Amino acid sequence: MPVSSSAKDYSSRSKSTQYDFSRFEPAKQSATNANKKTNPSPAHSLRVVETPARQRQMAQRRSLAVHIVLSAVLLVGLILAILYSRAILATINENIGVKTELLNTLNGEYTRLQTELDAKISLRNIEEYASANLGMSKVDQGQVQYINVEQGESVTLYRSSGENSLFDKVRQWFSKIFGHIQGGS
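In this report, we go over the structure that sits alongside the text. (Residues numbered from 1 in each chain as written. Predicted model: local features only at pLDDT ≥ 70, side-chain atom pairs only at ≥ 80, totals over all residues. Heavy atoms only, no water.)

## Description of the overall build of the protein chain
And step 1. On a plain count of helices and strands, the protein chain comes out with 5 helices and 2 strands.
And step 2. Mapped from its N terminus to its C terminus, the protein chain presents α and β elements in the order α-β-α-β-α-α-α.
And step 3. Relative to its full complement of 185 residues, the protein chain shows a buried share of 3%.
And step 4. When contacts within the protein chain are restricted to residue pairs at least 6 apart in sequence, those whose partners lie at least 24 apart make up 35%.
And step 5. Carbon and sulfur atoms form 60% of the exposed surface of the protein chain, whose accessible area is close to 17000 Å². (Helix = DSSP H or I, 4+ residues; strand = E, 2+ residues; numbered from the N terminus. Buried < 20%, exposed > 50% of the residue type's maximum accessible area, 1.4 Å probe, protein only. Contact = heavy atoms within 4.5 Å. Areas by Shrake-Rupley, 256 points an atom, 1.4 Å probe, with all protein chains shown as cover.)

Right under this line is the structure:
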């Protein structure tokens, strides 16, 4: 009996493949001839039965393929996460640069304003302003008045004859107002 090309292909595939020779045995007689019509002739078909080793090998291949796909997805996810974090980091670094530049500008402005303030409130400038604009002069010995406090509880104030103190002016003003009120009633 000649061997078909499909049988040669099956035999060259794997050592774990076996042939089901029960298909070549004469068919059992059934009650009807319909069974003969449904069963093809044994010469026309070969059936390969896979052993558990072959199934195990196929399952390992599928498992390996799933692991490779999952690893690739995980790797792509990690790469995308790293790229995203680097983009965020670049944005933050740019913001830091802008804020640092602003800080340097504001520090320069602060230094300039502090120098200007120091120049305005220096004693020399205050003395010049007081003497030029306000007509003030430095204290000399003629302006100093001493108070004698050896007498105990009394204080003697020496002043020029024409000058009235602020307290004296306020007291005189109240006296005038009360004098008019008492005189008018």
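## Remarks on the packing of aromatic side chains
And step 1. Per the stated rule, a full pass over the model turns up 1 aromatic pair.
And step 2. On the basis of an interplanar angle of 65 degrees and a centroid distance of 5.1 Å, the ring pair of tryptophan 173 and phenylalanine 174 is categorised as edge-to-face. (Phe/Tyr/Trp six-rings, centres within 6.5 Å; stacked < 30°, edge-to-face > 60°.)

## Structural notes on the environment of glutamate 127
And step 1. You can see glutamate 127 is positioned in helix H4 (residues 123-133).
And step 2. Judged by relative accessible area, which is 45%, glutamate 127 ranks as partly exposed.
And step 3. For the pair glutamate 127 and lysine 138, spaced 11 residues apart in sequence, the C-alpha separation works out to 8.6 Å.

## A short note on the pattern of salt bridges
And step 1. With the rule as written, the count across this model stands at 5 salt bridges.
And step 2. A salt bridge links arginine 112 to glutamate 116; its shortest N-O distance comes to 3.1 Å. Remark: glutamate 116 and arginine 112 occur in helix H3 (residues 52-120); sequence separation between them is 4 residues, near one turn of the helix.
And step 3. Looking at arginine 112, the relative accessible area reads 43%, which means it is partly exposed.
And step 4. Judged by its relative accessible area of 34%, glutamate 116 falls in the partly exposed class.
And step 5. Where glutamate 128 meets arginine 124, a salt bridge forms, and the shortest distance between an N and an O atom there is 3.1 Å. Taken as a pair, glutamate 128 and arginine 124 lie in helix H4 at a separation of 4 residues, close to a single helical turn. (Salt bridge = Lys/Arg side-chain N within 4 Å of Asp/Glu carboxyl O.)

## Let's talk about the environment of arginine 171
And step 1. Locating arginine 171 in the fold gives a position in helix H5 (residues 166-184).
And step 2. What makes arginine 171 partly exposed here is its relative accessible area of 48%.
And step 3. Polar contacts involving the side chain of arginine 171 include one to the side chain of aspartate 168, which spans 3.2 Å. (Polar contact = N/O pair within 3.5 Å; in protein donor to acceptor, adjacent residues only side chain to side chain.)

## So, a nonpolar patch on the surface
And step 1. On the surface, a nonpolar cluster with roughly 640 Å² of combined accessible area is contributed by Leu166, Val170, Trp173, Phe174, Phe178 and Ile181.
And step 2. A relative accessible area of 40% means that phenylalanine 174 is categorised as partly exposed. (Patch = residues over 30% accessible without salt bridge, like charges linked within 9 Å, V, L, I, M, F, W, Y side chains within 5 Å.)

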